[in-house]
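So the chains spell out like this:
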There are 4 protein chains.
Amino acid sequence: MASKPPIRAAVLGASGYTGADLIRLAARHPNIAITALIAKGHAGQALAQVFPHLVSLDLPDLVTSDEVDWNKIDVAFCGLPHGTAHTEIRKLPERVKVIDMSADFRLRDSGTYSEWYGGAHSAPELLKGAIYGLTEHYRDEIKTARLVACPGCYPTAVLLALLPLLKTKLIAGEDLIIDAKSGVSGAGRTLKQNILFSEAGEGLSPYGIGNHRHVPEIEQELSLAAGATVTVNFTPHLAPMSRGELCTSYVRLAGKADAAALRKALNEAYAASPFVRVVEEGVIPATQHVRGSNYCHIGVFADRLPGRAIVVSAIDNLVKGSAGQALQNFNLMHGLDETTALEQLPLFP
Amino acid sequence: MASKPPIRAAVLGASGYTGADLIRLAARHPNIAITALIAKGHAGQALAQVFPHLVSLDLPDLVTSDEVDWNKIDVAFCGLPHGTAHTEIRKLPERVKVIDMSADFRLRDSGTYSEWYGGAHSAPELLKGAIYGLTEHYRDEIKTARLVACPGCYPTAVLLALLPLLKTKLIAGEDLIIDAKSGVSGAGRTLKQNILFSEAGEGLSPYGIGNHRHVPEIEQELSLAAGATVTVNFTPHLAPMSRGELCTSYVRLAGKADAAALRKALNEAYAASPFVRVVEEGVIPATQHVRGSNYCHIGVFADRLPGRAIVVSAIDNLVKGSAGQALQNFNLMHGLDETTALEQLPLFP
Amino acid sequence: MASKPPIRAAVLGASGYTGADLIRLAARHPNIAITALIAKGHAGQALAQVFPHLVSLDLPDLVTSDEVDWNKIDVAFCGLPHGTAHTEIRKLPERVKVIDMSADFRLRDSGTYSEWYGGAHSAPELLKGAIYGLTEHYRDEIKTARLVACPGCYPTAVLLALLPLLKTKLIAGEDLIIDAKSGVSGAGRTLKQNILFSEAGEGLSPYGIGNHRHVPEIEQELSLAAGATVTVNFTPHLAPMSRGELCTSYVRLAGKADAAALRKALNEAYAASPFVRVVEEGVIPATQHVRGSNYCHIGVFADRLPGRAIVVSAIDNLVKGSAGQALQNFNLMHGLDETTALEQLPLFP
Amino acid sequence: MASKPPIRAAVLGASGYTGADLIRLAARHPNIAITALIAKGHAGQALAQVFPHLVSLDLPDLVTSDEVDWNKIDVAFCGLPHGTAHTEIRKLPERVKVIDMSADFRLRDSGTYSEWYGGAHSAPELLKGAIYGLTEHYRDEIKTARLVACPGCYPTAVLLALLPLLKTKLIAGEDLIIDAKSGVSGAGRTLKQNILFSEAGEGLSPYGIGNHRHVPEIEQELSLAAGATVTVNFTPHLAPMSRGELCTSYVRLAGKADAAALRKALNEAYAASPFVRVVEEGVIPATQHVRGSNYCHIGVFADRLPGRAIVVSAIDNLVKGSAGQALQNFNLMHGLDETTALEQLPLFP
C-alpha cells in the first residue's frame, strides 16, 4: 500500500548490531527507503562487507555523516554508542526526525546523564524535548515527537512488566529486586575479551552489580509511575546466548493484591498493545519464545514469601529492546499501523 | 493484494519443528488461511501449548486428520515423519494439493525407497506422479504438480551447489566427497539422548557415516544431472547449534575447468533465482548468515590439490531446507510470486 | 600412598550424569577400587557403551544391584533418582557405608519428604541417622557417619553462601530472595523435551517457580543456622550451558552489617576449607571459572538498596554440587585428606 | 613420589589459552615447580587477574622475560604466538630445555617457514636441532632433545590418524582430503571480531581454505612417512564450541586394504600409547568424549565410494593439541612416566 512517496531514512551506526537489526527490519518496511548508511569507521565499504547476512539487499555503501545529503533524508535512526550519539544528533537539520537507540536522550535530567555516563551533555535543549520511546506507555507523545529516545533493552523489559503495577498501586515502590539475564549481543560488537566465544560460552556471571547504566533510566520511569522516588536493585547477568533478555522482578505486593490481580492489571494495560502479551497462568516466559521478534512476554507468579510476587518478562534485546521498538515508534510517528514491518513471528528453535 | 479468496491450508505434523516453521511463515502469507493443524498425539491442545512462540497466532486447535473437513482444504503441507507421511497422504482427496516435507515421495523408485527406509511404499502410484521440489531446478514441473516432494535439508544444500556443475560438465561425477554439518534441529523434536543439550552441546561428531538416508536422494538427482550413475561420499556431522547446515563438497574438475568457471556456471544457473546467491570470490558462506531465511549461499574455492575445487553451500535447514522451500513451491503452484512470505532477512546475530 | 588395601566402591546409578562424574573422579582416587557399577536398565553393557568418554577405564560391566556381591563392597555411592534411592539403599548391608547423591535422605523430617517428593519414605529409620553432607559445615558428623546425604546442587551453592551469614547473625532470616541459574545437566540424562538442544539452546527461562524441590532442603538448613524458621524465595532458571550453577542471593543486612562484614565472616568461616573461596572485592564469581572442579566461589556486593547486600556463589553442579562433594565426604569418612582426587583445576575455557 | 628436587619451569605466554592450560596441568605435576610466569603485556599482575579460574594456585605474579633469573629455570614452556616465539627462545640459556607450543620450530625448513609465516626465521640453527614433538611418533628423539616443537592442534589430530597408514602403505599419498572442525579456543585469546560470541555462536563456516598455516606442517610429516611428497586438501571449519577438534580424513586405499586393515594398523601403531585410542568398530569419535583430556580417539569407517575409507580423529585442541602434549613431551624428556599429570579423564557432559 506504499502509494505515498517513501520515507527516506538514514541509519547512523550501521556497523553495529543495533544498526544491523534496524536495517534488517526497515529494509522490508513498505514505506521506508533506506537512503544512507552511516558508519564512520567503515565508510566506503559495502554493507555486505560489514554484515554478510544482508548481502541480498541493494543498499548504498557506508558513508560518513558528512557525506550525506541531509536534505534528502526524512528520518534518522541512530544506533551510535552513547556519548557519540548526542554530538551527531545535534548536527542534524531540525526537519529530520530522529529515532535514537542510544542512551543519550533517555534521561530527562542532564545532570543524571553526566553522573552515569560521564561528560557533559552537548545538547541539553534537545534532551528537554526528547520523548522516552517506550511505545506502549508514551504513544501519544511519540506520535508528534521530533526526537524519540528509545529505551535500553533492560529498561524495556523491566518497565513493560512493572509500570502498570506501580501505576495501579498494586505493588510497592520499595524493595524492588530485578535480576536480569541477557544474551551477549547486548554488549555490542566492540571487541572486548569477556564477550569472546571462549570466555562467555558455557558460563554465566553477573556484571555491573549496583552500577549498570540502565539503573537511572529504570528508576526515572518507575518513579514517574509511582509518583515517588523509586530505587531498585538491578543486577544484570551475562548468559551464553546471542539474543534474548529475561528479567525476573521480585516485587512486594501492596495491600491485598495477589498474583491474579497483577496479571489482570497487566492484561488491561496491554489490551490494545499487539506486541505485549501477558502469558496465561502457568505459562513461563522464555527468551527463546520471543527470539527475533518484537514481542514481550510477561508472566506473573505467586511467591513463596507471603506478600510478594514474581514478575517475569522476556524480550529479544535487539528487537523489542532496540531496533524493533525503534521501528514501532517510527510507525507511530508517521501515522502507520504500529505493527508495520514488525509482524515477524519468533524464530524457534 | 490478497483480493482472491485465501487458499485454505492444512498442516499435517504441526507439532514438529518442520510443521512449526511452516506455520511461522505461512501465518504471514497474504494468500493463505491456515485452516487445520493436525498433530495426532496432541489433538485437542492449543498450538501454543506445543509451541509457545506461536502464542500470538489465532489459529484452530490441533486435531487428528480424521477430524478435518477436507472439503474445506485446498492444500496440505505435510511435516510428518517418513513412513507415516505416505500412509496419510494417500488418504487425502485428489483435489487437495500436497506439499510434502517428508522423505516419502522424494525417491522416484519405490524399490530404492524400501531399501533405504524399510517397508513397502503404500502409494507407489502417487510416487510416480510426485515432483521433486527442488524449486530452482524443477520450476515448470512444480507449477502444475499436485504432489510436490520437497527435498531433504542436506540434498537441498548439496544439489543447489552441484547440479549446475554436473549439468555443465565442469566437474566429474566421480570422487565426489561431501562433508556436511548440521544443527541439531535437523534431528527433529523426537526425544533422543544424543540431541539432549548436555550431550550435543560443546561437541561435534559425524553420524550416519556411509548410510545416511539422504544419500539415495542426492545420488538420484546428481545422476539425472550427470546423465550417468553418480555415487557419492556423504558424511554428515552434528554441530552444536540449533539451525543451519553447511556442506563442503570436494569435487574433481573436468577438463580445464577451474574455480572461476564453476562460479560463473553457478551464477548463470541462478541468475533468476532470488534465494540462491553465489557469494563473491573471497567471501565464505556461513550458516549464521542465512539463519532463519530462505537463502542459500554458495561459494567456490580453488583446492590446493591440482584438478580439484571446493564448493561450500549454506542454508537454514528448517527454512530453505524444509518449510521455506515448501512455501516457495506453494507460491509457484498457485501462480504467486516465488518470494511471497519468504522475504525475511537472515537473523544475525 | 595407597599402601592400605583399596576401599571397594560400588556406584548405584552408573548411567546418569551424577554417576558418571563420580566414576570420572573416583577412578583416579588412589584409595578407591571401583568394584561394581550398577545401572538396572543397562545391565550387561560395558560402561563405554553408556559413557564413551570413559572408554579408557578398565572397569567391570554394568550390572543390577542383585548381581553384586555386597560382601566385597565397602562403600556405595548412590546416584539414583529420588524415590528409587531409598528403596535401594535400605537393602544394603549395614557394614556398607553409603554416600547418597539423591534427595532421599536430605530432609530430616520424613513428613516433609512425603510432602515435597510424594509417597512415603521407605526407610525412616535410616533417615534419622543420615548426616547432611554439606562438607564444610558438617565435617565432624560426616567423619563418623554410615549414611551421608549429599546436598542438592542448588542447596550447596546457596548454603555455602548464606549459612555463615545467618550463623553470625549478619543477615536477616526474612526476605531472602535467591535467584538461581543452572546449566542443563542439572536436569539429568532422562529424556525430556525442554532439555533438547534445540529447545534449551539460545534461551533462558525460570522453572519450578515457588515449588522447586530444593526449597525445603534450603529452608531446613537455613532455619537450623538461624535458630528460627526461615522461608525463602528460590527461583531457579535454566541457562544454555551444560555445567555450572550460579546463585544470586539478595539478603537483608542485620544491624549495621555491610558487604565488608559479610565478606569477613565468610572468609573466617572458610579459612580452613580448601574448596570454598571468597573472591576478592571487585571480583565477580562466574560458573566458567569453577567448571569441572570442586571449587565454590563466593562474592559479596553492596546493594544499591540501603540495608541490603548481594551474595553470589558459583559451583559446578555435577562436581561440588554432587559427585565432587560426595568424594570429599568419602575422604572425610575414611580419614583421608579432604582434597584427595579432587585437586583438578577448573577447565577454562 | 617427587623425591628428587622439582624441575623449575617457566611459562612464556602465560596470558594465552595455551599457557593457561599448561599451567592448569603443570600445577598438579608432582615434579614441576612453576617458577616464572611470563606475559609481557600483563607484567606485574597476579595470574588470577588474567585467569580467574586459576585463583586457587599460589604462583608468582606475571613478569617480563627480562625479569626472570634464568639460572633458576630448568625448562621453558613457550605458548607465545609464532614469530614472537623464535625471537624469545633464542635468547634463553642453552641449559634451559625448551618445549615450544608455537609454530616457530615445527617446520624443518626455514624457507618453508618464511613462505607460510612471513619474515625470516631468527634462529635457523635452533630450528635444525628442534625435534617435532608428536609424542607417539618421535619418542626416542624427544627423550634427548633440548628443543621440542609441539605440533599444531590440527596436525596432531591429522597425523595421529594418518601417519601409521602411510607408513604401512595402506593408503595412498594422493587425493588426501581432510575436513577439519575446531572449537573457537583454537583461535586464541586475541580480540578478533569473528570469534565474538555473537558472531561465532550458532554458526559454522570454513576458513583459511587452501592456505591454513598448518598445511605445510601436515604435508612435511605425511611426506616423511610416505617417503614421497604428499600434498593435501586441508579445510578447517570454525564450530560453535570452545574446545575440541575433529578431523574427518577421506583417504584412498592402497591395494586391497580396507577399513579393517586400517583399524588393525592403527591399533598396532598405538598399542603402547596410552593416550591414543582406536575406537571399536561402530563407535564414532566425538570431541565431547575427549574434552579436557589428553586423549585422541580415532575411528575408521568404510566409504560408500569403492577404494576409499574415512578416518575420524578427535582431540581437545588445548590439551592433546597443545599443552597436554607439551607436558607429555616434558615427561619423556625427564625420564618420567609419559602419563604423569595427564591422567585426567574427559569432562562430559
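In this text the structure is predicted, and so the values were computed from the model without any measurement.

Quick rundown of the overall build of chain A? Include the residues and the values.
Counting secondary structure elements, chain A contains 11 helices and 14 strands. A globule of 349 residues ought to have a C-alpha radius of gyration of about 20 Å, and chain A, at 20 Å, matches this closely. Across its three principal directions, the C-alpha atoms of chain A cover 60 × 45 × 45 Å. Going through the 349 residues of chain A one by one, you find that 67% of them count as buried.

Lay out the pairing of strand E11 (residues 245-252) of chain A with the relevant residues and their values.
A regular strand places its side chains on the two faces of the sheet in alternate fashion. Residues and elements named next belong to chain A. Counting buried positions over the eight residues of E11 gives seven, a clear majority of the element. Where strand E8 (residues 176-182) and E11 come together, six bridges link them in antiparallel fashion. Following the sheet pairing, Ser182 is matched in E11 by Glu245. Pairing of E11 with strand E14 (residues 308-315) involves eight bridges; the strand directions are antiparallel. For Glu245, the partnering residue across the bridge sits in E14 and is Ile315.

Can you explain the sheet that holds strand E13 (residues 296-302) of chain C? Please cite residues and give values.
Residue and element names in this part refer to chain C. Judged by pairing direction, the sheet is mixed, and its seven strands sit side by side in the order E9-E10-E8-E11-E14-E13-E12 without closing on themselves. The sheet is open, and its two edges are formed by strand E9 (205-206) and strand E12 (276-278), each paired on a single side. With six bridges joining them, E13 and strand E14 (residues 308-315) adopt antiparallel strand pairing. Across the sheet, the residue bridging to Ala302 is Ala309, located in E14. Strands strand E8 (176-182), strand E10 (232-238), strand E11 (245-252), E12, E13 and E14 of the sheet are contacted by helix H7 (residues 153-167), whose axis makes an angle of about 140° with E14. Packed on one face of the sheet, helix H9 (residues 215-226) meets E8 and E10 and runs near 140° to E10.

Go over the relation of the copies chain C and chain A, please, and point to the residues and values.
Each copy superposes on the other: chain C lies on chain A with an RMSD of 0.0 Å after a rotation of 180° and an axial shift of 0.0 Å. Between the two chains, the operation in question is that of a two-fold axis. Rotation axis and chain C: the residue whose C-alpha lies nearest the axis is C:Pro240, separated from it by 3.1 Å. A shared interface surface links the copies, since 100% of the contact residues of chain C are contact residues in chain A too.

Tell me about the sheet that holds strand E4 (residues 75-78) of chain B, residues and numbers included.
Residue and element names in this part refer to chain B. In spatial order, the strands read E3-E2-E1-E4-E5-E7-E6; together these seven strands make up an open sheet with parallel pairing. Looking along the sheet, the strands with just one partner apiece sit at the ends: strand E3 (62-63) and strand E6 (131-132). Where strand E5 (residues 97-100) and strand E7 (residues 147-149) come together, three bridges link them in parallel fashion. Pairing of Val98 across the sheet is with Leu147, part of E7.

Explain the environment of D:Lys264 residue by residue, including any values.
With respect to the element layout, D:Lys264 can be found in helix H10 (residues 259-269). Of the residues examined, D:Lys264 reaches a relative accessible area of 53% and is grouped as exposed.

Explain the interface of chain C and chain A to me, using residue names and the numbers behind them.
Chain C puts 50 residues into the contact, and the matching count from chain A is 50 residues. Summed over the three residues of chain C that lose the most area to chain A, namely C:Glu202, C:Leu204 and C:Arg304, the buried surface amounts to 19% of that side. In this structure, A:Arg308 engages C:Asp175 in a salt bridge whose closest nitrogen and oxygen atoms are separated by 3.4 Å. Counting across the interface, chain C meets chain A through 24 residue pairs in polar contact (both at pLDDT 80 or more). At the level of elements, E8, helix H8 (197-200), E9, H9, E10, E11, E13 and E14 of chain C are the ones that each hand at least two residues to the side of chain C that touches chain A. When its residues are assigned to classes, the side of chain C that touches chain A shows 25 nonpolar, 13 polar and 12 charged.

Give a description of the interface of chain D and chain C that names residues and reports values.
Tallying the contact residues gives 32 residues for chain D and 32 residues for chain C. On the chain D side of the contact with chain C, D:His53, D:Leu345 and D:Pro349 bury the most area, a combined 24% of that side's loss. Remark: the boundary between chain D and chain C carries zero salt bridges. Run the count over chain D and chain C and you get eight residue pairs in polar contact (both at pLDDT 80 or more). Per-element tally for the side of chain D that touches chain C: the top contributor is helix H1 (residues 17-26) of chain D, with three residues. Of the residues belonging to the side of chain D that touches chain C, the class tally is 15 nonpolar, eight polar and nine charged.

Break down empty space enclosed by the protein for me, citing the residues and quoting the values.
Throughout the structure, instances matching the rule amount to nine cavities of 30 Å³ or more. The volume enclosed by the largest cavity comes to roughly 210 Å³. A:Pro240, B:Pro240, C:Pro240, D:Phe197 and D:Pro240 are, among the 16 residues lining the largest cavity, the residues nearest its centre. Grouping the constituent residues of the lining of the largest cavity by class yields nine nonpolar, three polar and four charged.

I'd like a rundown of the domain arrangement of chain A, residues and numbers included.
All names here are of chain A. For chain A, the assigned domains are domain 1 (7-129) and domain 2 (154-317). Tallying the contact residues gives 13 residues for domain 1 and 15 residues for domain 2. Counting every contact that joins domain 1 to domain 2 gives three salt bridges. The partner of Arg243 in a salt bridge is Asp21, with the nearest N and O atoms 2.9 Å apart. The interface formed by domain 1 and domain 2 holds nine residue pairs in polar contact (both at pLDDT 80 or more) in total. Those elements giving two or more residues to the side of domain 1 that touches domain 2 turn out to be helix H1 (17-26) and helix H4 (110-117). For the side of domain 1 that touches domain 2, the per-class residue count stands at six nonpolar, three polar and four charged.

Outline the pairing of E13(C), supporting the account with residue identities and numerical values.
All names here are of chain C. With six of seven residues buried, E13 is to be regarded as a mostly interior element. Sheet topology note: the E12/E13 ladder contains three bridges and is parallel. By the bridge assignment, Val276 is partnered in E13 with Cys296. Linking E13 back to E14 in an antiparallel pair, the connection comprises five residues, with Gly307 at a positive phi of about 80°.

Which residues make up helix H4 (residues 110-117) of chain C, and what are the values?
Residue and element names in this part refer to chain C. Those residues of H4 that fall on the buried side of the exposure criterion are Tyr113, Trp116 and Tyr117. Take H4 and look down its axis: the buried residues cluster within an arc of 80°, on one side only. For H4, the secondary structure elements touched by its buried residues are helix H3 (84-89) and H9. Capping the start of H4, Asp109 holds a side-chain oxygen 3.1 Å from the backbone nitrogen of Gly111, two or three residues further along.

Tell me about the packing of helix H7 (residues 153-167) of chain A against helix H10 (residues 259-269) of chain A, residues and numbers included.
Residues and elements named next belong to chain A. At their nearest, the axes of H7 and H10 sit 9 Å apart, and the two run at 105° to each other. By the angle between their directions, the pair H7 and H10 is classed as roughly perpendicular. Contacts from Leu160, Ala161, Pro164 and Leu165 in H7 reach Leu262, Ala265, Leu266 and Ala269 in H10. Here the contact of H7 with H10 is composed, by residue class, of eight nonpolar, no polar and no charged.

Now, about the side chain of D:His212: what can you tell me, with residues and values included?
Position of D:His212 relative to the elements: it lies in the loop between strand E9 (205-206) and helix H9 (215-226). In this structure D:His212 touches D:Trp116, D:Tyr154, D:Tyr207, D:Phe234 and D:Pro236, once residues within four positions along its chain are discounted.

Report on the environment of C:Pro60, specifying residues and quantitative values.
All names here are of chain C. With respect to the helices, strands and loops of the structure, Pro60 is situated in the loop between helix H2 (47-50) and strand E3 (62-63). On the basis of relative accessible area, Pro60 is assigned to the partly exposed category, the value being 32%. As a C-alpha pair, Pro60 and Leu126 span 66 residues in sequence and 29 Å in three-dimensional space. If we skip the residues at most four places from it in the chain, Pro60 touches Ile34, Thr35, Ala36 and Leu37.

I'd like a description of the packing of H7(A) against helix H11 (residues 319-333) of chain A, backed by residues and values.
Residues and elements named next belong to chain A. Axis separation between H7 and H11 bottoms out at 8 Å; the angle between their running directions is 95°. Comparing their axes, H11 and H7 come out roughly perpendicular. Within the contact between the two elements, H7 uses Cys153, Thr156 and Leu160 and H11 uses Lys320, Gly321 and Gln325. Grouping the amino acids of the contact of H7 with H11 by side-chain chemistry returns two nonpolar, three polar and one charged.

Report on unusual backbone geometry, specifying residues and quantitative values.
Residues C:Phe348 and C:Pro349 are joined by a peptide bond in cis, for which omega reads 0°. Mapped onto the elements of the fold, C:Pro349 is located in the segment after helix H11 (319-333). The phi angle at D:Asp175 is positive, at roughly 60°, despite the residue not being glycine. Position of D:Asp175 relative to the elements: it lies in the loop between helix H7 (153-167) and strand E8 (176-182). In this model, D:Ala341 sits at a positive phi of 70°, which is unusual for a non-glycine residue. Assignment of secondary structure puts D:Ala341 in the segment after helix H11 (319-333).

Here is what the cut-offs are and how they apply
Residues numbered from 1 in each chain as written. Chains lettered and ligands numbered in written order. Predicted model: local features only at pLDDT ≥ 70, side-chain atom pairs only at ≥ 80, totals over all residues. Heavy atoms only, no water. Helix = DSSP H or I, 4+ residues; strand = E, 2+ residues; numbered from the N terminus. Rg over C-alpha atoms; globule rule 2.2 N^0.38 Å. Buried < 20%, exposed > 50% of the residue type's maximum accessible area, 1.4 Å probe, protein only. Pairing = 2+ DSSP bridges. Contact = heavy atoms within 4.5 Å. Axes fitted to C-alpha atoms, helices over the stretch in contact; angles between N-to-C directions. Least-squares fit on C-alpha atoms with pLDDT ≥ 70 in both. Buried area = accessible area lost by both parts, 1.4 Å probe. Salt bridge = Lys/Arg side-chain N within 4 Å of Asp/Glu carboxyl O. Polar contact = N/O pair within 3.5 Å; in protein donor to acceptor, adjacent residues only side chain to side chain. Nonpolar A, V, L, I, M, F, W, Y, C, P; charged D, E, K, R; others polar. 1 Å grid on protein atoms, 1.4 Å probe; cavity = no way out; pocket = protein on both sides within 12 Å on 5 of 7 lines; lining within 4 Å. Points joined across faces, edges and corners; volume = space filled by probe spheres on them. Domains from an automatic or database assignment. Arc of directions from axis to C-beta. Parallel < 35°, antiparallel > 145°, perpendicular 65-115°, else oblique.

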